[in-house]
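Chain by chain, the residues run as shown.
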Amino acid sequence: MKELVYLSDVVTLELCEESCNGCGMCIKVCPHEVFELSGRKAHIVRRDYCMECGACALNCPQNSIKVNSGVGCAAGIINGILNNTEPSCGCSGSDSNCC
Amino acid sequence: MINKSYYNGSISVSDTTVPVVLDYLGYKDYLGAIMVRWGINRNNYRVNPGLYAVGKPNESSDVFVTANYKLTFDHVRKNLYGIDGWILVLDTKGVNVWCAAGKGTFSTNELVKRIRSVSLDKVVAHRRIILPQLGATGVAAHKVKEQTAFNVHYGPVRSSDIQKFVGNGYRADKEMRKVTFNLSDRVKLIPNDFMYGKYYLLGAMVILFLLSGLSGKGLSVADFSTNGLTAIVNVLFAYMSGIIMTPVLLPFIPARHFSIKGFYTGSMVYLILFVLDFTGDSLLENFSWFFIITAISSFLAMNFTGSSTYTSLSGVKKEMKFSLPLQIAFAALGVVLQVIGKLI
């Protein structure tokens, strides 16, 4: 079965290969195989598969990864617009819908 | 200690009593899972945060960290079948690991706090804790190490791979690390999504039912009885198109935008209703129903981005900028045409 992929060329993921020490943590935490390790450095190889969850950036001990992370959730974005806050889906436990 | 149906006695470790939980599920767990999938008691389906045991763990046993959503907790203990281990439950306000990590409740701070509050360093002699991979969105492994000396090992995405992961020498292979979104994953989400929009569904049904009774002579009871039912059926089908058809057929519908996928399924549903003669006699009425059905279907399909496992915030924002105005325009146009069609 073919793998699902969302829109092309939209994600904000950036990797500074210079400061990368090749620890491979980003590869371990990425749920969509966005990174690959070669020549003792991580590389972004499947950018369009990134869902901006932010796990790689948070777990990079070198701070080499930047991504504007958040949930890709239309209801959350509408909530954010209506309440004038950051996009937020109702995962807090008080709402019923969860992304 | 309160006795829960999934408790199986307790053991004492370093001056505290730790509840032992069953490594299999009972009928109450299955019943609870079905109800929670339908949104019943969903916000209160929790276990107490803290330390639990499965089997007969000792100081060298593994520690598995999870969320306090009971559905999640049940998956973990069931998949630890036959293993002696510790389960450390974080307080995620009853939310699953991935959502809680995104929300910041399954977090570095909460993990560090919980490790300290249960004195994990006295319970086990090693310094190894196993986290679900999807918890990485909220936890920085190197910071946990700094603050507690515990080494975070990110395990598999699915708890069903835990035993394989442990047997592999705490290494998750490629397949274990990857999030999938196959048919059964998608179908499980449908009941909750269906219940989520129930008031909007009823609202839309009421509005279009009322419109169905409208004519040049004002509201008439006769028109309600002839057209009211078709109005309700059309709205219900549009709703199901967005909530059921789009998720089920997701990989097979061309287009990457969820709103366009929903527009396609909505168009298909419109065609079916047209053939069944549910979309009115005049061209105006037919256009009206086409706009209304595709708008509803497209909007609901777009909301499924939040349930999916591969959409990004930037992508959804981009999609909405183009789709939301169109959906609103379609819905408004549909209602206006409906009114005009009734009055002329």
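Residues numbered from 1 in each chain as written. Chains lettered and ligands numbered in written order. Predicted model: local features only at pLDDT ≥ 70, side-chain atom pairs only at ≥ 80, totals over all residues. Heavy atoms only, no water.

Colleague: So what exactly am I meant to see when it comes to the interface of chain A and chain B here?
Modeller: Interfaces are often described in size by the accessible area the parts lose on coming together. On the chain B side, the residues contacting the 50 residues of chain A number 49 residues. On the chain A side of the contact with chain B, Leu4(A), Tyr6(A) and Leu58(A) bury the most area, a combined 17% of that side's loss. Inspection of the chain A/chain B interface yields three salt bridges. Salt-bridge contacts for Lys174(B) lead to Glu33(A); the nearest nitrogen and oxygen are separated by 3.6 Å. Taken together, the connections running from chain A to chain B amount to 19 residue pairs in polar contact (both at pLDDT 80 or more). Sorting the residues of the side of chain A that touches chain B by element identifies helix H1 (25-29), helix H2 (55-59) and helix H3 (74-83) of chain A as the ones contributing at least two each. Looking at the side of chain A that touches chain B residue by residue, the class counts come to 30 nonpolar, 13 polar and seven charged. (Contact = heavy atoms within 4.5 Å. Buried area = accessible area lost by both parts, 1.4 Å probe. Salt bridge = Lys/Arg side-chain N within 4 Å of Asp/Glu carboxyl O. Polar contact = N/O pair within 3.5 Å; in protein donor to acceptor, adjacent residues only side chain to side chain. Helix = DSSP H or I, 4+ residues; strand = E, 2+ residues; numbered from the N terminus. Nonpolar A, V, L, I, M, F, W, Y, C, P; charged D, E, K, R; others polar.)

Colleague: Can you walk me through a nonpolar patch on the surface in this structure?
Modeller: On the surface, a cluster of nonpolar side chains totalling about 480 Å² of accessible area is made up of Leu31(B), Ile34(B), Met35(B), Trp38(B) and Ile40(B). Overall, Trp38(B) belongs to the partly exposed group, its relative accessible area being 41%. (Patch = residues over 30% accessible without salt bridge, like charges linked within 9 Å, V, L, I, M, F, W, Y side chains within 5 Å. Areas by Shrake-Rupley, 256 points an atom, 1.4 Å probe, with all protein chains shown as cover. Buried < 20%, exposed > 50% of the residue type's maximum accessible area, 1.4 Å probe, protein only.)

Colleague: I keep staring at the packing of H3(A) against helix H14 (residues 313-343) of chain B and nothing clicks. Help me out?
Modeller: Relative orientation and spacing of two packed helices are given, respectively, by the angle between their axes and the distance between those axes. Where H3(A) meets H14(B), the closest approach of the two axes is 10 Å, and the angle between their N-to-C directions is 75°. By the angle between their directions, the pair H3(A) and H14(B) is classed as roughly perpendicular. Contacts between H3(A) and H14(B) involve Ala74(A), Ile77(A) and Ile78(A) on the former and, on the latter, Leu313(B), Val316(B), Lys317(B) and Met320(B). Taken together, the residues of the contact of H3(A) with H14(B) sort by class into six nonpolar, no polar and one charged. (Axes fitted to C-alpha atoms, helices over the stretch in contact; angles between N-to-C directions. Parallel < 35°, antiparallel > 145°, perpendicular 65-115°, else oblique.)

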